[in-house]
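# Chain and residue survey
For reference, the chains in residue letters:
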Amino acid sequence: GAVVSQHPSRVICKSGTSVKIECRSLDFQATTMFWYRQFPKQSLMLMATSNEGSKATYEQGVEKDKFLINHASLTLSTLTVTSAHPEDSSFYICSANREPYNEQFFGPGTRLTVL
Amino acid sequence: GESVGLHLPTLSVQEGDNSIINCAYSNSASDYFIWYKQESGKGPQFIIDIRSNMDKRQGQRVTVLLNKTVKHLSLQIAATQPGDSAVYFCAEPYSGNTPLVFGKGTRLSVIA
């Protein structure tokens, strides 16, 4: 089946530092990946659409300079939270789109805690 | 904007009973819906989907019903088991395709 991994699964960092989260499609190629954010007891909120070889498309209210997305290959997208602050603490989940039926497969998520 | 939402935030069910989780949507043009299960600390897992040309679709122990007239869909889980305890989300494609817009979620707790 289609497997999507994320690394790291959990990260704790100090305020002001940057954190990179990787999302990989392990057994299929994905020209499109998505990044979601989930606060406790809330639903998933789409942050951005990551497109291989081009710039990401950000949702309204998401700062593109703070959440840097790079989709350099057909199996890897990265989300870098720059100058992280405690309010950035959240559960970040990626999904990869498998064509031709546009099925989305989700990663296991990354728990970010900013102290 | 248009959104997908849920009626009940929590649901407690006795083990072995059937569970029904409801979801309302507002976009009458929506033609595809997906139910996901999310266990604590994990990403969402696909359960079942349904297209608007269907009223019902069955999987293993799960059934999704779609009522386009009232813009409502439900997920029925038969013989609920402790392993079914999770948050369940309905979702629809953002703009006729991907990405997905998620409803608020219902937490299902199974009482042994």
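These numbers were taken from a predicted model, which means no experiment stands behind them.

Parameters and conventions
- Residues numbered from 1 in each chain as written.
- Chains lettered and ligands numbered in written order.
- Predicted model: local features only at pLDDT ≥ 70, side-chain atom pairs only at ≥ 80, totals over all residues.
- Heavy atoms only, no water.
- Helix = DSSP H or I, 4+ residues; strand = E, 2+ residues; numbered from the N terminus.
- Buried < 20%, exposed > 50% of the residue type's maximum accessible area, 1.4 Å probe, protein only.
- Contact = heavy atoms within 4.5 Å.
- Areas by Shrake-Rupley, 256 points an atom, 1.4 Å probe, with all protein chains shown as cover.
- Disulfide = S-S within 2.5 Å.
- Polar contact = N/O pair within 3.5 Å; in protein donor to acceptor, adjacent residues only side chain to side chain.
- Buried area = accessible area lost by both parts, 1.4 Å probe.
- Salt bridge = Lys/Arg side-chain N within 4 Å of Asp/Glu carboxyl O.
- Nonpolar A, V, L, I, M, F, W, Y, C, P; charged D, E, K, R; others polar.
- Phe/Tyr/Trp six-rings, centres within 6.5 Å; stacked < 30°, edge-to-face > 60°.
- Lys NZ or Arg CZ within 6 Å of the ring centre and 35° of its normal.
- Pairing = 2+ DSSP bridges.

## Brief notes about the overall build of chain B
Check the secondary structure of chain B and you find 0 helices and 11 strands. Along chain B, from the amino end to the carboxyl end, the secondary structure elements read β-β-β-β-β-β-β-β-β-β-β. By the burial criterion, 45% of the 112 residues in chain B qualify as buried. Long-range contacts, defined here as pairs at least 24 residues apart, represent 52% of the contacts in chain B between residues at least 6 apart. Counting only carbon and sulfur atoms, one obtains 46% of the accessible surface of chain B, whose full area is about 5,700 Å².

## A short note on the state of the cysteines
Overall, the coordinates contain 2 disulfides over all chains when judged by the stated rule. Between the sulfur atoms of Cys23 of chain A and its disulfide mate Cys94 of chain A the distance is 2.0 Å. Torsion about the S-S bond of the Cys23 of chain A and Cys94 of chain A cystine: about 80°, corresponding to right-handed handedness. Of this pair, Cys23 of chain A sits in strand S3 (residues 19-25) while Cys94 of chain A sits in strand S9 (residues 90-98), and the two are 71 residues apart along the sequence. Since its relative accessible area comes to 0%, Cys94 of chain A is described here as buried. Between the sulfur atoms of Cys23 of chain B and its disulfide mate Cys90 of chain B the distance is 1.8 Å. The S-S bond linking Cys23 of chain B to Cys90 of chain B shows a torsion near 55°; that makes this disulfide right-handed. On the criterion of sequence distance, the pair formed by Cys23 of chain B in strand S3 (residues 19-25) and Cys90 of chain B in strand S9 (residues 86-93) is long-range, its members being 67 residues apart. Judged by relative accessible area, which is 0%, Cys23 of chain B ranks as buried.

## Comments concerning the environment of Gln6 of chain A
Residue and element names in this part refer to chain A. With respect to the secondary-structure elements, Gln6 resides in strand S1 (residues 4-7). Assessed through its relative accessible area of 9%, Gln6 is described here as buried. With 57 residues separating them in the primary sequence, Gln6 and Glu63 have C-alpha atoms 22 Å apart. Apart from residues no more than four positions distant in its own chain, Gln6 is found in contact with Ile21, Glu22, Cys23, Trp35, Tyr92, Ile93, Cys94, Gly107, Pro108, Gly109 and Thr110. Engagement of the side chain of Gln6 in a polar contact is seen with the side chain of Thr110, the distance being 3.1 Å.

## Structural notes on the interface of chain B and chain A
On the side of chain A, 17 residues touch chain B, which itself brings 15 residues to the contact. Counting each side, the surface lost to burial between chain B and chain A is near 1,200 Å², with a carbon and sulfur contribution of 55%. The tally of links between chain B and chain A comes to 0 salt bridges. Our count for the chain B to chain A interface comes out at 4 residue pairs in polar contact (both at pLDDT 80 or more). Among the secondary structure elements, those contributing two or more residues to the side of chain B that touches chain A are strand S4 (32-38) and strand S10 (100-102) of chain B. Looking at side-chain class alone, the side of chain B that touches chain A contains 7 nonpolar, 6 polar and 2 charged residues.

## Examining the packing of aromatic side chains
All told, the structure shown has 10 aromatic pairs over all chains when counted by the stated rule. An aromatic cluster is present here, built from Tyr36 and Phe106 of chain A together with Tyr36, Phe46, Phe89 and Phe102 of chain B joined pairwise through their rings. Over the aromatic face of Tyr32 of chain B sits the side chain of Arg51 of chain B, whose NZ or CZ is 4.1 Å from the ring centroid.

## Let's talk about the pairing of strand S4 (residues 32-38) of chain A
Residue and element names in this part refer to chain A. Within S4, 7 of the 7 residues are buried, which leaves it mostly tucked inside the rest of the structure. The side-chain alternation of S4 yields two buried faces, one formed by Thr32, Phe34, Tyr36 and Gln38 and the other by Met33, Trp35 and Arg37. Two strands pair when backbone bridges link them, and S4 and strand S5 (residues 44-51) are joined in this way by 7 bridges, in the antiparallel orientation. Across the sheet, Trp35 pairs through a bridge with Ala48, a residue of S5. With antiparallel pairing between neighbouring strands as the criterion, S4 and S5 make up a hairpin whose turn holds 5 residues, including Lys41 at a positive phi of roughly 60°. As paired elements, S4 and S9 share 6 bridges and run antiparallel to each other. Among the inter-strand pairings, Trp35 is bridged to a residue of S9, identified as Cys94.

By themselves, these observations are geometric and do not establish any function.
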